[in-house]
Amino acid sequence: MAIPFDNTYARLPASFYAVQTPTPVDAPELIRANRELAKLLGIDPEWLESTAGVQVFAGNRVPDGAAPISQAYAGHQFAHFVPQLGDGRAILLGEVVATDDSRYDIQLKGSGPTPWSRRGDGRSALGPVLREYIVSEAMQALGVSTTRALAAVASGEKVLREGMVAGGVFTRVASSHLRVGTFQYFAAREDDDALRTLADYATARHYPAAAEAGNPYVALLDAVIAAQAELIPHWLSLGFIHGVMNTDNCAISGETIDYGPCAFMEQFHPQCVYSSIDRQGRYAWGNQPQIAQWNLTRFAETLLPLIDPDKDAAIKQAEESLAAFPQQFHRGYLDRFAAKLGLPRDQEQTPDFIKATLEKIGPQQVDFTLFFRHLTRVAAGEDPAELLALWNSETAGRDWLEDWRTQADPTTRLDDMRAANPILIPRNHRVEQAIEAGYKGDFGPFHRLVDALTQPFAESADYRDLEAAARPEERVTETFCGT
Ligand code: AMP
Ligand code: MG
């Protein structure tokens, strides 16, 4: 077997998925393969890049050992419940146990229609393929829990979006594709047997210690809450805006999943939104903690019949678990922002100073990433000119910096600052430029961006241009799902 499959999900009851083989594409061509990830998965990178490998990752050939399925799930989309969504343009080839002993899903995205496609074509345009590759691998290098990119293939076919555009197939690797929406699918059908099977499966796969707890379903809930309480402060600390935090895009594993209209915030603003479909700003940068809590509450609701046959007792239990989220989130948020600012996290004034800093930089239209990047250089003893140049008012910048010097502890915390403040992020205009060039058949900017972002914390003279904020004419103000 070229891919050492060991499938478990396909052995779950038939109601969990539809058996579905990928639909071949006309003229597949490999754009990029992730050799490091292939090795981790026990796949020979040479094979992955060979004609046989490309046939597999285009969906043109089902590899030995695969059990291709599309998974059932439901979900709240912008707070509106849809009882049946499912993999409309994704097919899970199967699972492998990697050299790190972890189990991973290997999934094709854009590999043709499935029973869950509704009116969709089951395909993916090239743009979203390149975007997910760039951003998910950048997130990985930034240390964020995330799904990964194994391959991007050009299909040689056109898809109809805002016109006919080139299509592609993306191979996503995830520690699983279990979502809050997977639980909601069975909860909506009041299928308690399936729910129990799913919860036991999720526990065994992601949180095996929970199985030993007095109440394993409460322990599962607690573990999922803890994973989100770890993830969301990490997003906030990098200025990451997911853009579509629907419950079907909320992974039980705590991985970031579904890189649609996501964006990295440029000028700091707590209500910052880029997604063209998020008209109300529901998924703004600063709303993400509340939305995570909302999604976790929906998850808890699905577990109620498993937690306790007495509904009131179950609700009381779930509420107790959910009440831990804000505290856990705040601890993570404090840790991350104290590190970014070089502050001692246990100092009494630290939370207020973090808050005051963000309140000050907002109206000054300061670039979020460059602010912390240049502050790190100031902490290392460099001249503050570049930091101050970010502020509309240099005096406001100087006043803030003076305050900061009384609070911060840069000499002992410089390493923390360096590890918390990336030099490179996938800036929206760079992602757009890479996609635009890709549509014209030039994958140079895409490769360069992916290469650069493997070392987001490193100083590199070669990638200086990728550090800079967008010039006014390059600025991206809206991002699209592009599905
Ligand atoms: P997303 O917004 O990417 O989370 O997708 C939401 C739902 O729409 C999921 O059920 C997807 O499978 C489905 N979907 C998105 N794009 C397509 C497409 N091109 N064809 C079929 N289904 C799609
Ligand atoms: Mg999705």
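Everything numeric here is computed off the predicted structure, so don't read it as measured data.

Comments concerning the nonpolar core
General note: in soluble globular proteins, nonpolar side chains tend to be found buried as a group.
Right, on to step 1. Of all hydrophobic cores here, the largest spans 99 residues; its most connected members are Tyr9, Phe183, Trp285, Leu341, Phe371, Trp400 and Trp404.
Right, on to step 2. Ranked by the residues each element gives to this core, the list is headed by helix α7 (residues 216-238), at 15 residues.
Right, on to step 3. For Trp404, the contacting residues outside a window of four places in its chain are Leu341, Phe353, Leu375, Val378, Ala379, Pro410 and Met417.
Right, on to step 4. Grouped together as the second largest cluster of nonpolar side chains are 26 residues, Leu37, Ile43, Ala58 and Ile106 included.

Section: the site of ligand 1
Right, on to step 1. Near ligand 1 you find 18 residues, and of these Gly86, Gly88, Arg89, Gly122 and Asp258 are the closest.
Right, on to step 2. Take Arg123: an N or O atom from its main chain is 3.2 Å from a nitrogen atom of ligand 1.
Right, on to step 3. When ligand 1 is considered free in solution it has 490 Å² of accessible area, and contact with the protein chains removes 88% of it.
Right, on to step 4. Counted by class, the shell around ligand 1 contains two nonpolar, eight polar and eight charged residues.

Section: the environment of Ile134
Right, on to step 1. Mapped onto the elements, Ile134 comes out in helix α4 (residues 126-141).
Right, on to step 2. Judged by its relative accessible area of 1%, Ile134 is buried.
Right, on to step 3. A C-alpha to C-alpha distance of 17 Å links Ile134 and Glu266, two positions 132 residues apart in sequence.
Right, on to step 4. Leaving out residues up to four positions away in the same chain, Ile134 has contacts with Pro426, Val431, Ala434, Phe446, Leu449, Val450 and Leu453.

Digging into the pattern of salt bridges
Right, on to step 1. According to the stated counting rule, one finds 34 salt bridges in the structure shown.
Right, on to step 2. Where Glu359 meets Lys355, a salt bridge forms, and the shortest distance between an N and an O atom there is 3.4 Å. Placement of both Glu359 and Lys355 in helix α10 (residues 350-361) is noted, with a separation of four residues, approximately one turn of the helix.
Right, on to step 3. We classify Glu359 as exposed; its relative accessible area is 52%.

Thoughts on α7
Right, on to step 1. Between the first and last C-alpha of α7 there are 34 Å, a value that for 23 residues agrees with the 33 Å anticipated at 1.5 Å per step.
Right, on to step 2. A large share of α7 lies buried, amounting to 19 of its 23 residues.
Right, on to step 3. A side-chain oxygen of the first residue of α7 lies 3.0 Å from the backbone nitrogen of Tyr217; this N-cap is Asn215.
Right, on to step 4. Positioned one or two residues after α7, Gly239 has a phi angle of 75 degrees, which is positive.

Structural notes on the coordination of the magnesium ion (ligand 2)
Right, on to step 1. Protein-derived coordination of the magnesium ion (ligand 2) comes from Asn249 (OD1) and Asp258 (OD), at a distance range of 2.0 to 2.2 Å.
Right, on to step 2. A relative accessible area of 15% means that Asp258 is categorised as buried.

So, the side chain of His76
Right, on to step 1. Structurally, His76 is set in strand β4 (residues 75-77).
Right, on to step 2. Classification of His76 as buried rests on a relative accessible area of 12%.
Right, on to step 3. For His76, the side chain forms a polar contact with the side chain of Gln184, separated by 2.8 Å.
Right, on to step 4. Excluding residues within four positions of it along the chain, His76 makes contact with Phe81, Gln184, Asn246, Thr247, Asp248, Trp294 and Arg298.

What about the domain arrangement of the protein?
Right, on to step 1. Parsing the protein into structural domains produces domain 1 (9-174) and domain 2 (334-420).
Right, on to step 2. Domain 1 and domain 2 are separated by 40 Å when their C-alpha centres are compared.

Quick notes on the packing of helix α11 (residues 368-379) against helix α14 (residues 410-420)
Right, on to step 1. Running from N to C, α11 and α14 cross one another at 150 degrees; their axes reach a closest spacing of 9 Å. You can see that α11 and α14 cross each other, and the crossing is left-handed. Two secondary-structure elements touch here, α11 through Leu375, Thr376 and Ala379 and α14 through Pro410, Leu414, Met417 and Arg418.
Right, on to step 2. Looking at the contact of α11 with α14, its residues break down into five nonpolar, one polar and one charged.

Points about α14
Right, on to step 1. Taken together, the buried positions of α14 are Arg413, Leu414, Met417 and Ala420. On an axial view of α14, the arc spanned by its buried residues comes to 150 degrees, and they lie on one face. Exposed residues pointing more than 90 degrees away from the buried face of α14 are listed as Thr412, Asp415 and Ala419.
Right, on to step 2. Those residues of α14 that are buried are in contact with α7, α9 (311-341), α11 and α13 (394-407).

A look at the pairing of strand β10 (residues 164-174)
Right, on to step 1. In terms of burial, β10 is a largely internal element, eight of the eleven residues being buried.
Right, on to step 2. Pairing geometry for strand β7 (residues 103-109) and β10, over five bridges, is antiparallel. The partner of Leu108 across the bridge, within β10, is Thr171.
Right, on to step 3. Taken together, the two bridges between strand β8 (residues 124-125) and β10 define a ladder with antiparallel strand orientation. What sits directly across from Ala125, in β10, is Gly167.
Right, on to step 4. Pairing between strand β9 (residues 148-160) and β10: nine bridges, direction antiparallel. The residue of β10 that forms the bridge with Val153 is Val169.
Right, on to step 5. If you look at the hairpin formed by β9 and β10, you'll find three residues sitting between the two strands, and Gly163 has a positive phi there, around 140 degrees.

Digging into the packing of aromatic side chains
Right, on to step 1. Counted by the stated rule, this structure contains 28 aromatic pairs.
Right, on to step 2. Between Trp391 and Trp400, the aromatic rings sit 6.1 Å apart at their centres with planes inclined by 35 degrees, giving tilted as the arrangement.
Right, on to step 3. Lying over the aromatic face of Tyr185, Arg189 brings its terminal NZ or CZ to 3.6 Å of the ring centre.
Right, on to step 4. The ring centre of Trp294 lies 4.4 Å from the NZ or CZ of Arg298, which sits over that ring.

Section: the environment of Thr182
Right, on to step 1. Within the secondary structure, Thr182 sits in helix α5 (residues 180-188).
Right, on to step 2. When residues no more than four places from it in sequence are discounted, the contact partners of Thr182 are Tyr9, Ala72, Tyr73, His177 and Leu198.
Right, on to step 3. At a separation of 2.9 Å, a polar atom in the side chain of Thr182 contacts the main-chain amide nitrogen of Arg179.

Definitions and cut-offs
- Residues numbered from 1 in each chain as written.
- Chains lettered and ligands numbered in written order.
- Predicted model: local features only at pLDDT ≥ 70, side-chain atom pairs only at ≥ 80, totals over all residues.
- Heavy atoms only, no water.
- Core = buried A, V, L, I, M, F, W, Y, C linked by side-chain atoms within 4.5 Å.
- Buried < 20%, exposed > 50% of the residue type's maximum accessible area, 1.4 Å probe, protein only.
- Helix = DSSP H or I, 4+ residues; strand = E, 2+ residues; numbered from the N terminus.
- Contact = heavy atoms within 4.5 Å.
- Near = heavy atom within 4 Å.
- Polar contact = N/O pair within 3.5 Å; in protein donor to acceptor, adjacent residues only side chain to side chain.
- Areas by Shrake-Rupley, 256 points an atom, 1.4 Å probe, with all protein chains shown as cover.
- Nonpolar A, V, L, I, M, F, W, Y, C, P; charged D, E, K, R; others polar.
- Salt bridge = Lys/Arg side-chain N within 4 Å of Asp/Glu carboxyl O.
- Expected span 1.5 Å × (residues − 1).
- Donors = N, O, S within 2.8 Å, 3.2 Å for Na, K, Ca; no water.
- Domains from an automatic or database assignment.
- Axes fitted to C-alpha atoms, helices over the stretch in contact; angles between N-to-C directions.
- Left-handed = near helix turned anticlockwise from the far one by under 90°.
- Arc of directions from axis to C-beta.
- Pairing = 2+ DSSP bridges.
- Phe/Tyr/Trp six-rings, centres within 6.5 Å; stacked < 30°, edge-to-face > 60°.
- Lys NZ or Arg CZ within 6 Å of the ring centre and 35° of its normal.

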